[in-house]
There are 2 protein chains.
Amino acid sequence: MRAIARRADAESQQERISEAVWSILALKGIEHLTIRAVAAAAGCTTGLVMHRFPGRRALLVHARDLLHARTRARVERIEAAAPTPRAALRAVLAQGMALTAESSQEALVWAGFLAAAVGDPDLADLHRRHNRAWRERVARLVRAAAPDWAPARVDTAVLALTGATEGAAQLASMDPESYSTATQEAMLDTMLDAFGLA
Amino acid sequence: MRAIARRADAESQQERISEAVWSILALKGIEHLTIRAVAAAAGCTTGLVMHRFPGRRALLVHARDLLHARTRARVERIEAAAPTPRAALRAVLAQGMALTAESSQEALVWAGFLAAAVGDPDLADLHRRHNRAWRERVARLVRAAAPDWAPARVDTAVLALTGATEGAAQLASMDPESYSTATQEAMLDTMLDAFGLA
DNA sequence: GTGTTACCGTAACAGATGTTACGAACCTTG
DNA sequence: CAAGGTTCGTAACATCTGTTACGGTAACAC
């Protein structure tokens, strides 16, 4: 009974701590992601952080998994609400760009995870797994939007779309005044139109 | 006389040290970029590193500037050798993707600089300046390839092309077996074709 | 050759960082 | 109420990091 309540509390604490990790990653950069900084951002002490996670790497892994889980849930909600496959494709790709303050911050967090994955095989593996899942999702949406395309054509379109949205998110998150939301959306619409997916 | 020789030596040492920075950034990630690691990779001691650079930030700034300078020289060579504006556009964009071991490594280095720029206003400024120069170069090439396009059309095409190539480089550098050079080049050609720039 | 200067390797230092150990407060259980 | 276990804050520890200080050495001027 109480065990369940405690476990729920523990999970909520993990969630709060992981959100603190995101916050630091987006605001200060990965070089300042220390246990003490995480504890301060989460409003607790390093004792709790180390009690919930076995070490710093576990902190990053859980924060990465949570980001993936939230993105997945959001994307599935968007996908389910879209009236047509093509609308779903556009909406799903749009949420991957830096169109809102939230998604712009997520792009910075993503950059932090990317940098952390360099030279860390475990995080690199996680990165690849989540990225492949994302690519597979976009591929499914493209196939639904254009059922008669050959696999090779789907692959190139998927790489172009995922690359462009991710690249745009990176560029915009670091230079917001150069890449307005209108410019980003125009880019997406132009691409979908050029590929025959509008 | 000797002063000139010494200065040349000093610059060559700075270059060697900056290359050590790249190497660590690509191989170990920015979290392991320490003065001692740089000295070890450059085959010298921390005394020389600190003698050539006033501090760690200067190390990153110079390495970033040198990467930009080399990329610029390479791109201008490619551009000058291209027979047509459209060939120049394609070749310049292609060198920005992860098609060779060298450019793949550069994508990892670029990711390290990006992460370092988060939360560091000076490096973020440098990042923006170099990125805007890159965007302006691609825009010039697009205008040369399609002289009658309206500015807005150029802008969206530039964002799509720079974003897609940069995003592809990021994806491929972290997951080489998922993104072959053929796939990347097919993506680029498809995009140029779809935009009417082939 | 001798004094001088710049170069740079060695080593120290203060602060930060990941991690561990310990103990107090709290809750559960008998 | 008492015993025992869980939770988590405090503080210590060893290590690592950026930076500084010092000393030896080689090149140069005369």
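J.: Describe the overall build of chain A, and please don't skip the residues or the numbers.
T.: Secondary structure assignment for chain A yields 9 helices and 0 strands. For chain A, the succession of helices and strands along the chain, N to C, is α-α-α-α-α-α-α-α-α. If one aligns the C-alpha atoms of chain A with their principal axes, the spans along those axes are about 55 × 45 × 30 Å. Counting the 198 residues in chain A, one finds 39% classified as buried. Contacts in chain A between residues far apart in sequence, at least 24 positions, make up 59% of those at least 6 positions apart.

J.: If you had to explain the domain arrangement of chain A to someone new, which residues and values would you point to?
T.: Residues and elements named next belong to chain A. Here the domain parsing of chain A yields domain 1 (1-53) and domain 2 (56-194). The C-alpha-based centres of domain 1 and domain 2 are spaced at 26 Å. At the interface, 12 residues of domain 1 touch 13 residues of domain 2. At the level of secondary structure, the elements contributing two or more residues to the side of domain 1 that touches domain 2 comprise α1 (2-27) and α2 (35-42). With 7 residues, the single largest contributor to the side of domain 1 that touches domain 2 is α1.

J.: Quick one: what's the story with the protein's contact with DNA strand C, residue by residue and with numbers?
T.: Taken together, 16 residues form the shell around DNA strand C, and within it Thr34 and Gly55 of chain A together with Thr45, Gly47 and Leu48 of chain B come nearest. Breaking the surface near DNA strand C down by element, the ones donating at least two residues are α2 and α3 (46-52) of chain A together with α3 (46-52) of chain B. With 4 residues, α3 of chain B is the largest single contributor of residues to the surface near DNA strand C. Taken together, the residues that form the surface near DNA strand C break down as 4 nonpolar, 8 polar and 4 charged.

J.: Help me get a handle on the protein's contact with DNA strand D, residues and values and all.
T.: Surrounding DNA strand D, one finds 16 residues, the nearest of these being Thr45, Gly47 and Leu48 of chain A together with Thr34 and Gly55 of chain B. Contributions of two or more residues to the surface near DNA strand D are made by α3 of chain A together with α2 (35-42) and α3 of chain B. The leading source of residues in the surface near DNA strand D is α3 of chain A, at 4 residues. Residue composition of the surface near DNA strand D, by class: 4 nonpolar, 8 polar and 4 charged.

J.: Describe the interface of chain B and chain A, and please don't skip the residues or the numbers.
T.: Chain B puts 44 residues into the contact, and the matching count from chain A is 44 residues. For the side of chain B that touches chain A, the secondary structure elements donating two or more residues are α6 (101-117), α7 (121-145), α8 (151-174) and α9 (181-194) of chain B. Among the elements that make up the side of chain B that touches chain A, the one with the highest residue count is α8 of chain B (13 residues). Within the side of chain B that touches chain A, the residues separate by chemical class into 22 nonpolar, 14 polar and 8 charged.

J.: For the relation of the copies chain B and chain A, give the residues involved together with the corresponding values.
T.: Expressed as a screw transformation, the operator carrying chain B onto chain A has a rotation angle of 180 degrees and an axial translation of 0.0 Å, and the superposed copies differ by an RMSD of 0.0 Å. Taken together, the rotation angle and the small translation identify this as a two-fold axis.

J.: Could you give an account of the environment of Leu67 of chain A, naming the residues involved and the relevant values?
T.: All names here are of chain A. Position of Leu67 among the secondary structure elements: in helix α4 (residues 56-81). Along the sequence, Leu67 and Met97 sit 30 residues apart, while their C-alpha atoms lie 15 Å from each other. Beyond its immediate stretch of four places on either side in the chain, Leu67 contacts Trp22 and Val109.

J.: Can you tell me about the nonpolar core, naming the residues and giving the values?
T.: Counting 114 residues, the largest nonpolar core has Val21 of chain A together with Val21 of chain B as the members making the most contacts within it. Each residue touching Val21 of chain B, except ones within four places of it in the same chain, is listed here: Leu33, Val38, Leu59 and Ala63 of chain B.

J.: Give me the environment of Leu159 of chain B: which residues, what numbers.
T.: Note on placement: Leu159 of chain B falls in helix α8. The exposure class of Leu159 of chain B is buried, given the 27 C-beta atoms found within 10 Å. Beyond its immediate sequence surroundings of up to four residues, Leu159 of chain B is in contact with Ala168, Tyr179, Thr183 and Met187 of chain A.

Cut-off values and rules
Residues numbered from 1 in each chain as written. Chains lettered and ligands numbered in written order. Predicted model: local features only at pLDDT ≥ 70, side-chain atom pairs only at ≥ 80, totals over all residues. Helix = DSSP H or I, 4+ residues; strand = E, 2+ residues; numbered from the N terminus. Buried ≥ 20, exposed ≤ 12 C-beta atoms within 10 Å, placed from the backbone. Contact = placed C-beta atoms within 7 Å. Domains from an automatic or database assignment. Near = placed C-beta within 6 Å. Nonpolar A, V, L, I, M, F, W, Y, C, P; charged D, E, K, R; others polar. Least-squares fit on C-alpha atoms with pLDDT ≥ 70 in both. Core = buried A, V, L, I, M, F, W, Y, C linked by C-beta atoms within 7 Å.

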